[in-house]
Amino acid sequence: MLIAADKFKGSLTAVEVAEHVTAGLRRAVPGLAVSAVPVADGGDGTTQAAVAAGFAPQRVQVTGPTGVPVTATFALRDDGTAVVEMAEASGLQHLPAGVFAPLTATTYGTGELLLAALDAGATSIVFGVGGSATTDGGAGMLAALGARFLDADGGPVAPGGGPLRDLATADLSGLDPRLAKTAIVLASDVDNPLTGPKGAPAVYGPQKGASEEDVATLDAALAHYAEVLARAVGPEAAEHALAPGAGAAGGIGYGALVGLDAAFRPGIDVMLDVLGFAPALAQATFVITGEGSLDAQTLHGKAPAGVAAAARAAGLDVVAVCGRLQLPQEALTAAGIRRAYALTDLEPDPARCMAEAGPLLERAAERLARDFLV
């Protein structure tokens, strides 16, 4: 049995999911051979998944999204591969409960985290983006890496996406020279452009506390930012604004494409490669995947869909576990998932379901084993 599940957000890490599923399976089938590859799709939890796969955790203090210092972790492997998760430095979890900063939150700390990876000897970086508190187009990140963003008076533009409306000139010539020698992969499950109806402010701004007026301000500011960057580095900056992934994590994808020469790849595809999923899959006869909510978003590049596609290509059966299930069986079947076991089928109260996710998951896994293995 191979367990390749993502976290249950707010309840269990991917590692904990695997532990509880294993315990439940072995209640029904004592001594069952089980292996686990905790997975992630580039969003929050990506560093934890890398550490579970054998990467060494590296902790550093960086600037949080509101300017308050936070402790962030990246993961490093002996071959020089680093996994850097932007949410570790600039994620929503670093905001005070219920307090957002849609116009002023900065990705500066993410740039500092990338610098720390370079200082630690990283020669290739998997840059996972998602779960951000920011909509600054990656300007803060690039500033931490040596870029300069100046207003009409020649002073630095204030942090955040809103102040980018005051941007007059951009200079990327001071970016850390090590970046040019470092292969950087932008890993994201988001393929939105930078601006417009499907851009970062319009689609994801409200999740970060942006009002309708804030969304309009941010959209105009990021469009202006792209225009200034096009004057600074050439027309490719305008092309990158329309590219898939540019709108990821409040537009940090755009900053990575323009300033870091990053290559965009679907996050789950990158992470399955990095985490050693293929060798584990080759040894498996049955696969269990899952995440907190199996819903329409799952089908668009989330971890369970990527795991199921790879397992189906290998001719293996796949079942899923989840906190809640919001997909009909036809959609599951089309995604390569034979059946899904939801914790809400065992405990309909959402609050109790999250609080007791571990024991409930063991019960669901025991039921799964009795249905498929006994």
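Analysis parameters
- Residues numbered from 1 in each chain as written.
- Predicted model: local features only at pLDDT ≥ 70, side-chain atom pairs only at ≥ 80, totals over all residues.
- Heavy atoms only, no water.
- Salt bridge = Lys/Arg side-chain N within 4 Å of Asp/Glu carboxyl O.
- Buried < 20%, exposed > 50% of the residue type's maximum accessible area, 1.4 Å probe, protein only.
- Helix = DSSP H or I, 4+ residues; strand = E, 2+ residues; numbered from the N terminus.
- Core = buried A, V, L, I, M, F, W, Y, C linked by side-chain atoms within 4.5 Å.
- Contact = heavy atoms within 4.5 Å.
- Phe/Tyr/Trp six-rings, centres within 6.5 Å; stacked < 30°, edge-to-face > 60°.

J.: Got a minute to help me understand the pattern of salt bridges in this structure?
T.: Charged atoms that come close allow side chains of opposite charge to pair. One pass over the full model with this rule turns up 16 salt bridges. Taking the shortest distance from any N to any O, the salt bridge between Asp6 and Lys7 comes out at 3.7 Å. Given a relative accessible area of 2%, Asp6 falls into the buried group. For Lys7, a relative accessible area of 16% puts it in the buried group. Of the charged contacts in the structure, one is a salt bridge between Lys7 and Asp44, with a shortest N-O distance of 3.8 Å. A residue pair is termed long-range when its members are at least 10 positions apart, and Lys7 in the loop between strand 1 (2–3) and helix 1 (14–28) and Asp44 in the loop between strand 2 (35–36) and helix 2 (46–52) qualify at 37 residues. Through salt bridges with shared partners, a single ionic network connects Asp6, Lys7, Lys9 and Asp44.

J.: When you look at the nonpolar core in this model, what are you seeing that I'm missing?
T.: The nonpolar side chains of a soluble globular protein tend to be buried, and buried together. Core analysis: the largest hydrophobic core is formed by 55 residues, its most contacted members being Ile125, Phe127, Phe149, Tyr225, Leu229, Tyr254 and Leu260. The greatest single-element share of this core, amounting to 7 residues, is contributed by helix 9 (residues 248–259). Apart from the residues within four sequence positions on either side, Tyr225 is in contact with Asp136, Gly137, Gly138, Ala139, Leu142, Phe149, Leu164, Leu167 and Tyr254. The next biggest cluster of nonpolar side chains, apart from the first, holds 38 residues, and it includes Ala75, Ala187, Ala284 and Ala308.

J.: Would you mind showing me how to read the packing of aromatic side chains here?
T.: What characterises a pair of aromatic rings is the spacing of the ring centres plus the angle enclosed by the ring planes. Taken as a whole and assessed by the stated rule, the structure comprises 3 aromatic pairs. Between Tyr225 and Tyr254, the aromatic rings sit 5.7 Å apart at their centres with planes inclined by 70°, giving edge-to-face as the arrangement. Taken together, the residues Tyr225 in helix 7 (residues 212–233) and Tyr254 in helix 9 connect sequence positions 29 residues apart. The burial state of Tyr225 is the same as that of Tyr254; both residues are buried.

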